[in-house]
2 protein chains.
Amino acid sequence: MKFQSRPLLLLVSGPAGSGKTTLCERMTGAFPEQIRRVITCTTRPPRLGERDGVDYHFLGVEEFQRRVEASEFLEHAHVHGNLYGSLKADVHAHLDQGFDLLLNLDVQGAAKVRDVVRDDSRLRSSLVSLFLMPPDRVELQCRLKGRGLDSDENIASRLKVAEHEMLQWPHYDYCLLSADRASDFDRIRAIYLAEKMRVKN
Amino acid sequence: MKFQSRPLLLLVSGPAGSGKTTLCERMTGAFPEQIRRVITCTTRPPRLGERDGVDYHFLGVEEFQRRVEASEFLEHAHVHGNLYGSLKADVHAHLDQGFDLLLNLDVQGAAKVRDVVRDDSRLRSSLVSLFLMPPDRVELQCRLKGRGLDSDENIASRLKVAEHEMLQWPHYDYCLLSADRASDFDRIRAIYLAEKMRVKN
């Protein structure tokens, strides 16, 4: 019997501003042959240049709701009046083809995924969850400001949420203390390479 | 509660010629502040320049046997008429001080360690075992020849042993398929970094 790597579902989460999106983009860039991104379903209308099935799966509200009721989603959430979610069937299809998947979710979404995966033996053996921990409050504030996406008021409320979320790391397989981009990438890559060499879960 | 890395006992094993000694030397060289090597006890007399407590702990046969009977060894073995072994107390002392340990053992020694560790909760939570798998029979033969340590006859017998040992990978936490030195080092380093970020065993 020869050793074979198992396909991975690498779940990356952390508070807003922890840098998880940048990190995930670097990972898919570094392993383009092996790592696939889960394409999110959304009820919001496509923006200019966005393609259905590439950037998002664009679904009508009714179809989205029907699929929620049929438990077809690994996780889903309301964001600014629109629905977003990842389909279980999408995840299974990629894993069955031997690809690894990267799933970038907020802390609430990640908790839902861990819940669902508990009852799905195929996903359970593939799941590797990683919590990206911001270095500290001050640095997190700087990162949120630096994104230029939020007002000062929003930043204050995001920081409050982040402080609560930063207590969630014990529910993950790995805790990556964010330092700088190069070191963060080096260490998420290490987790990925190590898990590809893992014999049993 | 803040995340803290646990101290690791990184057990590296594999058939003779798999390259584990070179790999371990590179690891201790790369992390001199963090990784300690377990100093082996031996009954063989010191060679020129070898220092007691640095290269080996040199013990008399009687003392070694007494300590074997007192179950003080994590593992021990007869090699060419001499006794060799690693003391549990040594391993505990390093881990208690927060250092990581690298233990380079043959496949039989590694099996003994896994056995002993099962009944020692402190060591159990620190142990990470890694099997270094030679690329194939031909390459292994070349490596054994390249070391210049063995006669052709010895090499043939070592290959036979290696073929049996190469079936042992399912008993380890990780299986590293040896490629070249740079890639092997990159991947053992990845396992080390990842395990330092692990939340639970």
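On a predicted model such as this, the values are computed, not experimentally measured, just so you know.

Chemist: Kindly report on the confidence of the model for chain A, identifying the contributing residues and their values.
Modeler: Per-residue confidence for chain A gives a mean pLDDT of 92; residues scoring 70 or more make up 100%. Scored as a complex, the prediction yields pTM 0.92 and ipTM 0.91.

Chemist: Describe unusual backbone geometry, and please don't skip the residues or the numbers.
Modeler: Residue and element names in this part refer to chain B. The phi torsion at S71 lies on the positive side, around 55 degrees, for a residue other than glycine. Following the sequence through the fold, S71 ends up in the loop between α2 (61–69) and β5 (73–79). Its identity as a non-glycine residue notwithstanding, H80 has a phi of 50 degrees, on the positive side. Along the chain, the position of H80 falls in the loop between β5 and β6 (82–87). The class of H80 is exposed, set by 6 C-beta atoms lying within 10 Å.

Chemist: If you had to explain the nonpolar core to someone new, which residues and values would you point to?
Modeler: L10, L11 and L130 of chain A together with L10, L11 and L130 of chain B are the most contacted members of the largest nonpolar core, which has 86 residues in total. For this core, the element with the most residues is helix α8 (residues 181–197) of chain B, which contributes 7 residues. Not counting residues within four places of it along the chain, the set of residues in contact with L10 of chain B comprises D100, L101, L102, L103, V128, L130 and Y192 of chain B.

Chemist: I'd like a description of the interface of chain B and chain A, backed by residues and values.
Modeler: On the chain A side, the residues contacting the 18 residues of chain B number 18 residues. Breaking the side of chain B that touches chain A down by element, the ones donating at least two residues are β9 (174–177) and α8 of chain B. Residue contributions to the side of chain B that touches chain A peak at 6 residues, all from α8 of chain B. Among the residues making up the side of chain B that touches chain A, the classes are represented as 15 nonpolar, no polar and 3 charged.

Chemist: I'd like a description of the relation of the copies chain B and chain A, backed by residues and values.
Modeler: Rotating chain B by 180 degrees about the axis while translating it 0.0 Å along that axis superimposes it on chain A, leaving an RMSD of 0.0 Å. Viewed as a symmetry operation, the transformation between the two copies matches a two-fold axis. Closest to the rotation axis within chain B is the C-alpha of A190 of chain B, separated from it by 2.0 Å. A share of 100% of the interface residues of chain B reappears at the interface of chain A, consistent with the copies meeting face to face through the same patch.

Chemist: Requested: an account of the environment of D186 of chain B, with residues and values cited.
Modeler: Summarising the element assignment, D186 of chain B is placed in helix α8. Here the alpha-carbon distance between D186 of chain B and L159 of chain B, two residues 27 residues apart in the chain, equals 26 Å.

Chemist: So, the pairing of strand β5 (residues 73–79) of chain A: which residues are in play, and what are the values?
Modeler: All names here are of chain A. Pairing geometry for β5 and strand β6 (residues 82–87), over 6 bridges, is antiparallel. Residue pairing for β6: V79 is matched across the bridge by N82. The hairpin formed by β5 and β6 contains 2 residues between the paired strands, and H80 there has a positive phi angle of roughly 50 degrees.

Chemist: Got a sec to walk through the packing of helix α1 (residues 20–30) of chain A against helix α8 (residues 181–196) of chain A? Specific residues and values, please.
Modeler: Residues and elements named next belong to chain A. Where α1 meets α8, the closest approach of the two axes is 10 Å, and the angle between their N-to-C directions is 60 degrees. Between α1 and α8, the angle falls in the class oblique. Crossing of α1 over α8 shows right-handed handedness. Counted together, T22, L23, R26, M27 and A30 of α1 and R181, D184, F185, I188, R189 and Y192 of α8 form the full contact between these two elements.

Chemist: Please provide a residue-by-residue account of the sheet that holds strand β2 (residues 35–37) of chain A, values included.
Modeler: Residues and elements named next belong to chain A. Spatially, the 5 strands line up as an open sheet ordered β2-β7-β1-β8-β9, and their pairing is parallel. Because the sheet does not close on itself, it has two edges, and the strands there are β2 and β9 (174–177). Strand-to-strand twist in this sheet, taken as the mean axis angle between neighbours without regard to direction, amounts to 25 degrees. Strand direction decides the pairing type here: strand β8 (residues 127–133) and β9, joined by 4 bridges, are parallel. Across the sheet, F131 pairs through a bridge with C175, a residue of β9.

Chemist: Describe the sheet that holds β6 of chain A, naming the residues involved and giving the relevant values.
Modeler: Residue and element names in this part refer to chain A. Strand order in the open sheet made by the 4 strands is β4-β3-β6-β5, with mixed pairing throughout. Two strands close off the open sheet at either side, each with one partner strand: β4 (57–58) and β5. Bridging between strand β3 (residues 41–42) and β6 involves 2 bridges; their strand directions are antiparallel. If you follow C41 over to β6, its bridge partner there is G85. With respect to the sheet, helix α3 (residues 88–96) is in contact with β5 and β6, its orientation differing from that of β6 by roughly 30 degrees.

Chemist: Let's hear about α8 of chain A: which residues, and what values?
Modeler: Along its 16 residues, α8 of chain A runs 23 Å from first to last C-alpha, staying within 8% of the 22 Å computed at 1.5 Å per residue. Turning to α8 of chain A, its buried residues number three or more, namely D184, R187, I188, A190, I191, Y192, L193, A194, E195 and K196 of chain A. Buried residues along α8 of chain A sit against β1 (9–13), α1, β8 and β9 of chain A together with β9 and α8 of chain B.

Chemist: A description of α3 of chain A should follow, citing residues and the corresponding values.
Modeler: Residue and element names in this part refer to chain A. Those residues of α3 lying buried are V91, H94 and L95. End-on, the buried residues of α3 take up no more than an arc of 100 degrees, which puts them together on one face. For α3, the exposed residues set more than 90 degrees away from the buried face come down to A89 and D96. Looking at the buried side of α3, the elements it contacts are β1, β2, β5, β6, β7 (100–104) and α5 (121–126). G98 sits one or two residues past α3 and shows a positive phi near 90 degrees.

Chemist: Give a detailed account of the environment of L101 of chain B, specifying residues and quantitative values.
Modeler: Residues and elements named next belong to chain B. Take L101: it is sitting in strand β7 (residues 100–104). Classification of L101 as buried rests on a count of 23 C-beta atoms within 10 Å. Distance in space between the C-alpha atoms of L101 and I35 is 5.5 Å, their sequence separation being 66 residues. Excluding residues that lie within four positions of it along the chain, L101 makes contacts with L9, L10, R36, V38, V91, H94 and L95.

Rules and cut-offs
- Residues numbered from 1 in each chain as written.
- Chains lettered and ligands numbered in written order.
- Predicted model: local features only at pLDDT ≥ 70, side-chain atom pairs only at ≥ 80, totals over all residues.
- pLDDT = per-residue confidence, 0-100.
- Helix = DSSP H or I, 4+ residues; strand = E, 2+ residues; numbered from the N terminus.
- Buried ≥ 20, exposed ≤ 12 C-beta atoms within 10 Å, placed from the backbone.
- Core = buried A, V, L, I, M, F, W, Y, C linked by C-beta atoms within 7 Å.
- Contact = placed C-beta atoms within 7 Å.
- Nonpolar A, V, L, I, M, F, W, Y, C, P; charged D, E, K, R; others polar.
- Least-squares fit on C-alpha atoms with pLDDT ≥ 70 in both.
- Pairing = 2+ DSSP bridges.
- Axes fitted to C-alpha atoms, helices over the stretch in contact; angles between N-to-C directions.
- Parallel < 35°, antiparallel > 145°, perpendicular 65-115°, else oblique.
- Left-handed = near helix turned anticlockwise from the far one by under 90°.
- Expected span 1.5 Å × (residues − 1).
- Arc of directions from axis to C-beta.

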